[in-house]
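Architecture at a glance
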Amino acid sequence: TGLITMDPGYKNTGACESKITFLDGEEGKLMYRGYPIEQLAEKSSFVEVMYLLIKGELPTQSELDKFITDINEYNYVSEDLIKILDAFPSSAHPMGVLTSLTAALSAFNPKVVDVTSPDDMYRAAVTLLGKFPVLASWTQRKIKGLPVNYSNDKLSYVENFYQLLFKKPGQELDLDPVIIDAIDKLLILHADHEQNCSTSSVRLVGSSHAGLFASISGGISALWGPLHGGANQAVLEMLEAIKNDGGDVEKYLAKAKDKNDPFRLMGFGHRVYKNFDPRAKIIKVAADNVLEKLGINDPILDIAKKLEKAALEDEYFKSRNLYPNVDFYSGIIYKALDIPTEMFTVMFAVGRLPGWIAQWMEMRETNQPIGRPRQLYTGAPLRDYVEIEKR
Ligand code: CMC
């Protein structure tokens, strides 16, 4: 069988070549297609970043207009999907609902399941980019008890997503530019992060030539976990718990350092970054701005800052290079925007979607072989079957 190199968690295994995202974990640098994340967060828009990730270059105005028109052509979902949505209890976690509805899209759009040509792939991509915010919004409306909502082509991608989430029937919804800009920036910062757990899942599922929607559904499931995208929900729950417990951050630091306590400081540490997560730096400033502009004074932000300061000065965290990651401050912004805590990871998924799609396309275009790791067998040696009455 040949020699097998063991690498649990793929800590040192390169699974593919990629031209999409570069990250330097020692230096804390992140670039999409060569453009630094700081410049994109400041100057670009989410829809432009979607184009950049998927097509490889920043669009001209007419290319961007066509891209938006192509997405808008698909920004609805079949009414039959509402029956599936209705079947979930309102207590269901939105990520569970989202993963199921995304998988169900394969059944409703059979033509985009079997893709081979670049045109087919592009059509699958814009189809999903159009439909995904609708499905994501339905998961929030479900927990809030609101009827489903539909897209408005006159709005930008992010404005439309916002109205999909929040507009009540018959209501004129105010599209506050501070809120729209904050969501746009958060989505840009989450748009891709090379071969992380969910992206690797999308590639692994897709490597069997399963369709785009099924592959993305696998990615959403991977993102849900608290060690990955689910950390943003876990961070806010942790900060609330510290607040309700008298705000003693040292007590929680001690718990995080105690190897007999399973508690980890959520929003801290990263597999690749051994320095500040550059996205966390941008989000921290954005959290301050958004709260100030919206006139919100949230004690959670003070606790987050106290906790961050204490951890950065602590020997345990210093010696292990544990810094705040992207999820540490994002939840504070989502909370200020009135997004329910259970929805935070769905917001992450909407941001990550173009990255997943770009990675899936690259995998298919470069004819990646089917993903199939080996193992080291440590089970029972050869033995004979024993009849049930003799066991
Ligand atoms: N709190 C306390 N100790 C930690 C933490 C933490 N958040 N993170 C890592 N450590 C310790 C860990 O116990 C280990 O210590 P020791 O060497 O004494 O055994 C050392 O640091 C190395 O950790 P690891 O678990 O081997 O590192 P990993 O690369 O396997 O895990 C991680 C990376 C992100 C899963 C982990 O840091 C973690 O669980 N963080 C908290 C969850 C979180 O914030 N996840 C979001 C990640 S960023 C965005 C995303 O992916 O969605």
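Residues numbered from 1 in each chain as written. Predicted model: local features only at pLDDT ≥ 70, side-chain atom pairs only at ≥ 80, totals over all residues. Heavy atoms only, no water.

- The name an unreviewed UniProt entry gives the chain is Citrate synthase, with Empedobacter tilapiae as the organism.
- Of the chain, the UniProt comment under Sequence similarities (unreviewed entry) reads exactly: "Belongs to the citrate synthase family."
- In the Catalytic activity (unreviewed entry) part of its UniProt record, the chain is described as follows: "oxaloacetate + acetyl-CoA + H2O = citrate + CoA + H(+)". (UniProt positions renumbered as here; feature names shortened; annotations may be inferred.)

1. Observations concerning the site of the ligand
- With respect to spatial proximity, 23 residues lie near the ligand, and among them His228, Arg264, Leu265, Gly267 and Arg271 are the closest.
- The separation between a nitrogen atom of the ligand and a polar side-chain atom of Tyr316 is 2.9 Å.
- Considered on its own, the ligand offers 930 Å² of accessible surface; in the complex 77% of this is hidden by protein.
- For the shell around the ligand, the per-class residue count stands at 11 nonpolar, six polar and six charged. (Near = heavy atom within 4 Å. Polar contact = N/O pair within 3.5 Å; in protein donor to acceptor, adjacent residues only side chain to side chain. Areas by Shrake-Rupley, 256 points an atom, 1.4 Å probe, with all protein chains shown as cover. Nonpolar A, V, L, I, M, F, W, Y, C, P; charged D, E, K, R; others polar.)

2. A word on the packing of helix H14 (residues 299-312) against helix H16 (residues 327-336)
- The interhelical angle for the contact between H14 and H16, taken along N-to-C directions, is 175°, at an axis separation of 10 Å. When the axes of H14 and H16 are compared, the pair comes out roughly antiparallel. Residues Ile300, Leu301, Ala304, Lys305, Leu307 and Glu308 of H14 form the contact with H16, whose participating residues are Phe328, Tyr329, Ile332 and Lys335.
- Here the residues of the contact of H14 with H16 are counted per class, giving seven nonpolar, no polar and three charged. (Axes fitted to C-alpha atoms, helices over the stretch in contact; angles between N-to-C directions. Helix = DSSP H or I, 4+ residues; strand = E, 2+ residues; numbered from the N terminus. Parallel < 35°, antiparallel > 145°, perpendicular 65-115°, else oblique. Contact = heavy atoms within 4.5 Å.)

3. Re the pattern of salt bridges
- Tallied over the full model, the rule gives 13 salt bridges.
- The salt bridge partner of Arg279 is Asp277, with a shortest N-O separation of 2.8 Å. Of the two residues, Arg279 and Asp277, both sit in the buried class.
- When salt bridges that share partners are traced, they join Glu240, Lys243, Asp298 and Lys335 into one network. (Salt bridge = Lys/Arg side-chain N within 4 Å of Asp/Glu carboxyl O. Buried < 20%, exposed > 50% of the residue type's maximum accessible area, 1.4 Å probe, protein only.)

4. Observations concerning empty space enclosed by the protein
- This structure, assessed with the given rule, holds one cavity of 30 Å³ or more.
- Volume-wise, the largest cavity comes out at about 30 Å³.
- Lining the largest cavity are Gly269, His270, Tyr273, Asn275, Asp277, Asn321, Tyr323, Pro324 and Asn325.
- Here the lining of the largest cavity is composed, by residue class, of three nonpolar, five polar and one charged. (1 Å grid on protein atoms, 1.4 Å probe; cavity = no way out; pocket = protein on both sides within 12 Å on 5 of 7 lines; lining within 4 Å. Points joined across faces, edges and corners; volume = space filled by probe spheres on them.)

5. Points about the sheet that holds strand E2 (residues 29-32)
- Spatially, three strands are ordered E1-E2-E3 in an open sheet, and the strand pairing comes out antiparallel. Since the sheet does not close on itself, it has two edges, and those belong to strand E1 (21-24) and strand E3 (35-36), each with one partner.
- Relative to E2, E1 runs antiparallel, the two being bridged by four bridges. Its bridge partner being in E2, Leu23 is matched across the sheet by Leu30. (Pairing = 2+ DSSP bridges.)

6. Overview of the pairing of E1
- Only one face of E1 is buried, namely the one carrying Thr21 and Leu23, since none of Phe22 and Asp24 on the opposite face is buried.
- Count of turn residues in the E1/E2 antiparallel hairpin: four residues, of which Gly28 carries a positive phi of about 70°.

7. With respect to helix H5 (residues 94-108)
- Spanning 15 residues, H5 covers 20 Å between terminal C-alpha atoms, matching the ideal 21 Å at 1.5 Å per step.
- Here H5 lies mainly inside the structure; 11 of its 15 residues are buried.
- Every buried residue belonging to H5 is among Pro94, Met95, Gly96, Val97, Leu98, Thr99, Leu101, Thr102, Ala104, Leu105 and Ser106, and all of these are buried. (Expected span 1.5 Å × (residues − 1).)

8. Comments concerning the packing of helix H6 (residues 118-144) against helix H10 (residues 212-224)
- Relative to each other, H6 and H10 sit at 50°, their axes nearing to 10 Å. By the angle between their directions, the pair H6 and H10 is classed as oblique. Of the two elements, H6 crosses H10, and the hand of that crossing is right-handed. In contact with Ala124, Ala125, Thr127, Leu128 and Phe132 of H6, H10 contributes Leu212, Phe213, Ile216 and Ile220.
- Per-class residue counts for the contact of H6 with H10 are eight nonpolar, one polar and no charged. (Left-handed = near helix turned anticlockwise from the far one by under 90°.)

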